Amino acid sequence: MKHSLFKALSILLSSAAFCGAMEVTTAQVMKFGGAGDENEQFSIPYGLAVNPQNGDIWVCDTGHQQVKRFTETSVYIDSFGGSGSAQGYFHSPHAVAISPSGSDLYVLDSGNHRVQQFAISTNTTPSFVRLWGGKGHENENLYYARDIEVDTDGNVCVLDSGNGCVKSFTSNGVYIATLGSEVDFKNPYGLCVDADKNIFVADMENSRIVKLNPDGSLAWTVGEKGSGAGEFRFPRDVAVDTLGNIYIADTDNSRIQMLDSTGRYVRRFGWFGEFVRVQSLEMVDDDRLLTIDSNTHRIQAYDVGQIISDAFALNDSFSPDGDGENDTAQFRYHLSEPSEVSIKVYNRSDDLVATLQEDVYSAMQVNSISWDGMDSFGNPVPAGRYEIRILAHNPLTGKTTTISLYVDVVYPSDDPQIEVNPGRLNFSHTL
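Residues numbered from 1 in each chain as written. Predicted model: local features only at pLDDT ≥ 70, side-chain atom pairs only at ≥ 80, totals over all residues. Heavy atoms only, no water.

**Q** Hey, could you run me through the overall build of the chain in this one?
**A** Counting its secondary structure elements, the chain contains zero helices and 35 strands. Per-residue burial over the chain gives 55% buried out of 431 residues. Long-range contacts, defined here as pairs at least 24 residues apart, represent 49% of the contacts in the chain between residues at least 6 apart. Surface exposure of the chain reaches about 17,200 Å², of which carbon and sulfur atoms provide 46%. (Helix = DSSP H or I, 4+ residues; strand = E, 2+ residues; numbered from the N terminus. Buried < 20%, exposed > 50% of the residue type's maximum accessible area, 1.4 Å probe, protein only. Contact = heavy atoms within 4.5 Å. Areas by Shrake-Rupley, 256 points an atom, 1.4 Å probe, with all protein chains shown as cover.)

Okay, structure coming up:
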């Protein structure tokens, strides 16, 4: 289900140095929380989940031993819990998950080594349904479990970190199977289950990402300890979109890394300060990534769907009359992923006037393009307003972004009225 989550996009551009290279930062579109005891604040938050039916954000406020609910735009709704071992109370709640129907909330009550299930609705506080688990090493037990997810069938997958495996249960807590016990996990910390029931695990102390097939067999592992592209330092969570792209909370490198569906590195963003200890990730509608930073006690949301993070015209009009003054229009655009880029010119009637480049592979950087005011036949175009349409497509991820800029062609005999500044207009993004 598509939501209106964070539709009021505010693009923020900055850059950070990684291993001597500069990279364009992914746009942050929302931030809330902070340390404190107020309803809108947190104390060492750990896990979060988004209700697929209404966009509500549920957060494990671990230090306060509570679970809090917010609207999709970060407005506080309610909270419940408290410290204890009775039903409805928690000891170090570490993660939450929501059923595909949006009617059931599962809280991983890690310190009590159990899962608690609650029925949720829009207007009432969640009501306790059942609990299962208990400290131990048997199939039905848990031992310092770290994360929880619900698959497309409604089954509950628990990352049983202390027992070094993933355990699956029915929606009402009946044990199904133990998965990945032969992988040699070392303090696995976060997991994600994709639409095909593949399981991805952030194997923290091995500094790698592990993919398990639905039957629990090993599909692949990727990464090793380091700070380079595709290397990790104690990753704590992983999220996957419907295209199979993988996002990793590369915690001790203070960044997020993105891999394609085969585990190949695509891009990265973030730096120390923006992230101090990124703890948990949640993907929403393929183009929004929610993050929890437990050290700064806040939630941040990023638009990860854009390939072109910004574009602008250096001059809003030009005169291609060959007199050596202002004869060309100059444009720049920022790519957040290596992509194939096409740039075309259209007139007010949306007729194609000129093709400046077609499917040219461009690096993840600031790129420049110019137009000399000629059409496809080498003739000067008439005076008027023209659209420069930039389309970027990443064949690895399947994402496409289009952004349009506008420029006026002006000849000395003309006195055009400049209607609008040709800055950032007509932005569109598709998956």
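**Q** Teacher, can you tell me more about the environment of Y175 here?
**A** Assignment of secondary structure puts Y175 in strand β15 (residues 175-179). Since its relative accessible area comes to 22%, Y175 is described here as partly exposed. In this structure the C-alpha to C-alpha distance between Y175 and N155, which are 20 residues apart in sequence, comes to 9.9 Å. Here Y175 is in contact with N139, E140, S168 and F169, once residues within four sequence places are set aside. Within the local environment of Y175, its side chain forms a polar contact with the side chain of N139, the two groups lying 3.4 Å apart. A distance of 2.7 Å separates polar atoms of two side chains, one belonging to Y175 and the other to T178. (Polar contact = N/O pair within 3.5 Å; in protein donor to acceptor, adjacent residues only side chain to side chain.)

**Q** Is there a simple way to explain the sheet that holds strand β18 (residues 208-212) in this structure?
**A** The pairing of strands in a sheet happens through backbone hydrogen bonds and is either parallel or antiparallel. Reading across the sheet, the four strands line up as β16-β17-β18-β19 and stay open at both edges, with antiparallel pairing between neighbours. Whereas interior strands pair on both sides, the edge strands pair on one side only; in this sheet they are β16 (188-193) and β19 (218-222). Neighbour-to-neighbour, the strand axes of this sheet turn through a mean angle of 20 degrees, independent of strand direction. With five bridges connecting them, β16 and strand β17 (residues 199-203) associate as antiparallel partners. Pairing of G190 across the sheet is with A202, part of β17. (Pairing = 2+ DSSP bridges. Axes fitted to C-alpha atoms, helices over the stretch in contact; angles between N-to-C directions.)

**Q** Just to check I follow, could you spell out the sheet that holds strand β9 (residues 104-109) for this structure?
**A** As summarised here, the arrangement of the four strands in space is β8-β9-β10-β11, forming an open sheet in which the pairing is antiparallel. Each edge of the open sheet is held by one strand with a lone partner, namely β8 (93-98) and β11 (127-133). Neighbour to neighbour, the strand axes of the sheet diverge by 20 degrees on average, direction disregarded. Both β9 and strand β10 (residues 114-119) contribute to a ladder of six bridges, which runs antiparallel. In the strand pairing of β10, L108 is matched with V115.

**Q** Help me out: how do you make sense of the nonpolar core in this one?
**A** Generally speaking, a soluble globular protein has its nonpolar side chains buried in company with each other. Counting residues in hydrophobic clusters, the biggest one holds 26 residues, and the most contacted among them are I308, F331, Y333, W371, I388 and I390. Looking at this core, the elements that each hand over two or more residues are β27 (308-313), β29 (329-335), β30 (339-346), β31 (352-362), β32 (366-371), β33 (384-394) and β34 (399-409). Other than its neighbours up to four places away in sequence, Y333 contacts I308, D310, A311, V341, I343, Q357, S362, Q365, V366, N367 and I390. The next biggest cluster of nonpolar side chains, apart from the first, holds 15 residues, and it includes V50, V284, L290 and I299. (Core = buried A, V, L, I, M, F, W, Y, C linked by side-chain atoms within 4.5 Å.)

**Q** Can you help me understand the pairing of β15 in this one?
**A** Both faces of the sheet carry side chains from a regular strand, because those side chains alternate between them. Bridge analysis of strand β14 (residues 165-169) against β15 gives four bridges, and the strand direction is antiparallel. What sits directly across from F169, in β15, is Y175. Counting the residues between successive antiparallel strands, the hairpin from β14 to β15 contains five residues, one of them, G173, with a positive phi of roughly 90 degrees.

**Q** Just to check I follow, could you spell out the side chain of S404 for this structure?
**A** In this fold, S404 is placed in strand β34. Within the structure, the side chain of S404 is placed 2.6 Å from the side chain of E387, a separation counted as a polar contact.

**Q** Got a minute to help me understand the environment of G63 in this structure?
**A** Along the chain, the position of G63 falls in the loop between β5 (57-61) and β6 (66-70). Residue classification places G63 among the partly exposed residues on the basis of a relative accessible area of 37%. C-alpha of G63 to C-alpha of P93: the two residues are 30 residues apart in sequence and 8.7 Å apart in space. Excluding residues that lie within four positions of it along the chain, G63 makes contacts with S43 and I44.

**Q** Help me out: how do you make sense of the environment of H91 in this one?
**A** Checked against the element boundaries, H91 lands in the loop between β7 (76-81) and β8. Note on H91: relative accessible area 41%, which makes it partly exposed. C-alpha of H91 to C-alpha of H113: the two residues are 22 residues apart in sequence and 8.9 Å apart in space. The residues touching H91, leaving out its near neighbours within four places in the chain, are Q65, G84, D109, S110, G111 and N112.

**Q** Explain the confidence of the model for the chain here, please?
**A** Low-pLDDT stretches of the model should not have their predicted coordinates read in fine detail. Of the residues in the chain, 89% have a pLDDT of 70 or more, and the chain-wide mean is 88. Counting interchain partners and residues more than four positions distant, the pLDDT-below-50 stretch residues 1-25 has 64 contacts. Across residues 414-431, where pLDDT falls below 50, the model places 44 contacts with residues more than four positions away in sequence or in other chains. (pLDDT = per-residue confidence, 0-100.)

**Q** Sorry, what's going on with the pattern of salt bridges here?
**A** All told, the structure shown has 15 salt bridges when counted by the stated rule. The salt bridge partner of R255 is D250, with a shortest N-O separation of 2.7 Å. By the burial criterion, R255 is buried, and D250 matches it. A salt bridge links D350 to R389, with the nearest nitrogen and oxygen atoms 2.8 Å apart. With D350 in the loop between β30 and β31 and R389 in strand β33, this residue pair connects regions lying 39 residues apart in the sequence. In this structure D350 comes out as partly exposed when scored by relative accessible area, which is 46%. When its relative accessible area of 25% is taken as the criterion, R389 is described as partly exposed. (Salt bridge = Lys/Arg side-chain N within 4 Å of Asp/Glu carboxyl O.)

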